[in-house]
Amino acid sequence: MCRLLSVVVAACVVGSSLIATSAEPVFKAGAATSNITPPIGQNIVGGFAPSPSTQVHDELHARCLVLDDGQTKLALVVCDLLGISRQVSDEARKVIAERSKIPATHVLISATHTHSASSAMGQDRFRFEQMLDEYQQFVARRIADGVQRAANNLRPAEIAFGTAEAPEHVFNRRWFMQPGTVPPNPFGTADLVKMNPGAGNANLTEPAGPTDPTISFFVLREPGGKFLSVFSAYSLHYVGGVNASDISADYYGMYCDRLIQRLGAEHRDPPFVALMANGTSGDINNINFRQPRPRQKPYEQMQFVADDVAAKVYTAIGGLKFRGHVTLDARYREPIVAWRHPTDEQLEWAKKTIATGKKGTGTDLSFIYAQRTLQMNDYPTTTAVPLQALRIGDVCIGTMPCEVFCEIGLEFKRRSAVQPAFMVELNHGYFGYLPTPRQHKLGGYETWLGTNRLEADASDKLLTELVAMSEELKAAVQ
Ligand SMILES: [Zn+2]
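Residues numbered from 1 in each chain as written. Predicted model: local features only at pLDDT ≥ 70, side-chain atom pairs only at ≥ 80, totals over all residues. Heavy atoms only, no water.

Colleague: Which residues make up the pattern of salt bridges, and what values do they have?
Modeller: Under the definition given, this model contains 24 salt bridges. With a closest N to O distance of 2.7 Å, K413 and D212 form a salt bridge. Within this pair, whereas K413 is found in helix α8 (residues 406-415), its partner D212 is found in the loop between β13 (204-207) and β14 (214-221), the two being separated by 201 residues in sequence. The same class applies to K413 as to D212, namely buried. With a shortest N-O distance of 2.7 Å, D308 and K312 are connected by a salt bridge. (Salt bridge = Lys/Arg side-chain N within 4 Å of Asp/Glu carboxyl O. Helix = DSSP H or I, 4+ residues; strand = E, 2+ residues; numbered from the N terminus. Buried < 20%, exposed > 50% of the residue type's maximum accessible area, 1.4 Å probe, protein only.)

Colleague: So what about the sheet that holds strand β8 (residues 155-156)? Which residues, and what values?
Modeller: With respect to topology, 5 strands assemble into an open sheet ordered β7-β6-β5-β1-β8, the strand pairing being mixed. The strands lining the two open edges of the sheet, one partner per strand, are β7 (107-111) and β8. Here 2 bridges tie strand β1 (residues 28-35) to β8, and the two strands are oriented antiparallel to one another. When the sheet's bridge partners are listed, K28 is paired in β8 with P156. Packed on one face of the sheet, helix α2 (residues 86-100) meets β6 (73-79) and β7 and runs near 145 degrees to β7. Lying on the sheet, helix α3 (residues 134-152) is in contact with β1, β5 (61-68), β6 and β7; it crosses β1 at an angle near 150 degrees. (Pairing = 2+ DSSP bridges. Contact = heavy atoms within 4.5 Å. Axes fitted to C-alpha atoms, helices over the stretch in contact; angles between N-to-C directions.)

Colleague: Please set out the packing of aromatic side chains residue by residue, giving values where relevant.
Modeller: Under the counting rule described, the total for this entry stands at 13 aromatic pairs. Here F187 and W349 contribute two aromatic rings whose centre-to-centre distance is 5.0 Å and whose plane-to-plane angle is 45 degrees, an arrangement assigned as tilted. On the criterion of sequence distance, the pair formed by F187 in the loop between β11 (174-177) and β12 (194-195) and W349 in helix α6 (residues 344-356) is long-range, its members being 162 residues apart. Sitting over the face of the ring of F322, R221 holds its NZ or CZ atom 3.7 Å from the ring centroid. Lying across the ring of Y369, R372 places its NZ or CZ 5.0 Å from the centre. (Phe/Tyr/Trp six-rings, centres within 6.5 Å; stacked < 30°, edge-to-face > 60°. Lys NZ or Arg CZ within 6 Å of the ring centre and 35° of its normal.)

This is how it looks when you write it as structure tokens:
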């Protein structure tokens, strides 16, 4: 009897180990959306003069996607926010690691850059270290909830990567102009280029940089059918054209809605979730500067862009080949980069400008930049800049926590060891605009101290690091 029992137990052990080794790992995906709309009356923060919201045109969301290759999980979150402070991302990832068991290194949390949102960058986005305010705590919690719900929705999935071209909605917004027509900057010195020179301006010569017309995207669906999620990225700053006191997710939110309609994926259980992350659009917007801009109704242009981008992605999805399994991996590093500080001359100018007082009743840019100059003087010497690279099958997503110039994203697409590749900006923090060293020399809004905060060759350092991370991801593929 005793001997018989031990034979049965041995057979069971052999049987179960056979099942474990012969079973193919199952690739899974799950998605969910958390509402992060702030209460009406909180300030809208897109412009130089924040003012309280009085209406919600469309709700703000943290859209969450979780992928699982059977061994490794990744979470990708895109929030309808102008930017997200590093502390909000850190807090959300801490809770996600505890509750959903996805390590902080494997969670991407980015902001779209809608200008019609309240601040998730603290009460003063030019102060670097701050305690989380009430709205930031709420956003962090909602992100963690969304990832947990997405993980709860995990189910067997197929995946495909695709691209679509949409060159007609992206324009470089920094321009060379006829000699003598670039106005002096708020510091009273000369720039070689002008940001947003005005549509139809007769003094334009050439744009100062390229555009990136490509929408990159992943599609997840249940085996053979039902769509689960689309994660996409396009390098367009935002569209705008809103009522000034409205909360809105801008074209990013509208694109997600249009794609859901096109795919016939409304009212699903679990829900289909579309995500549109910002690619690298620090110098790219939706204004065709060569022509005067026609007057449009609020939201008209946004709708036009959202409809067209969704239509292009939808068409491209039709031609994709899906794979039943891909492997996942992630790398996370925090290279040390110097903060910019004012020169003695700039500091003296700032003190004098503030002592003279604010000019007029409107926006006095010199006064605003004098204040920012003094704030930058109090910044520490260096900072750790969070960089992340995710590998999803053959594809690499590189990220930076800045408003990244388009040419940096194009260079990453060329240099990434894992191909194809694309970038997502405003991930895990807000460190200002990121121009290349060449663009720094040209001056303009994005290089002004305060708007720009990292040392002039920061983009070279960060890109070198990100490419090295893509090499590590490639080397780790067995
Ligand atoms: Zn911006």
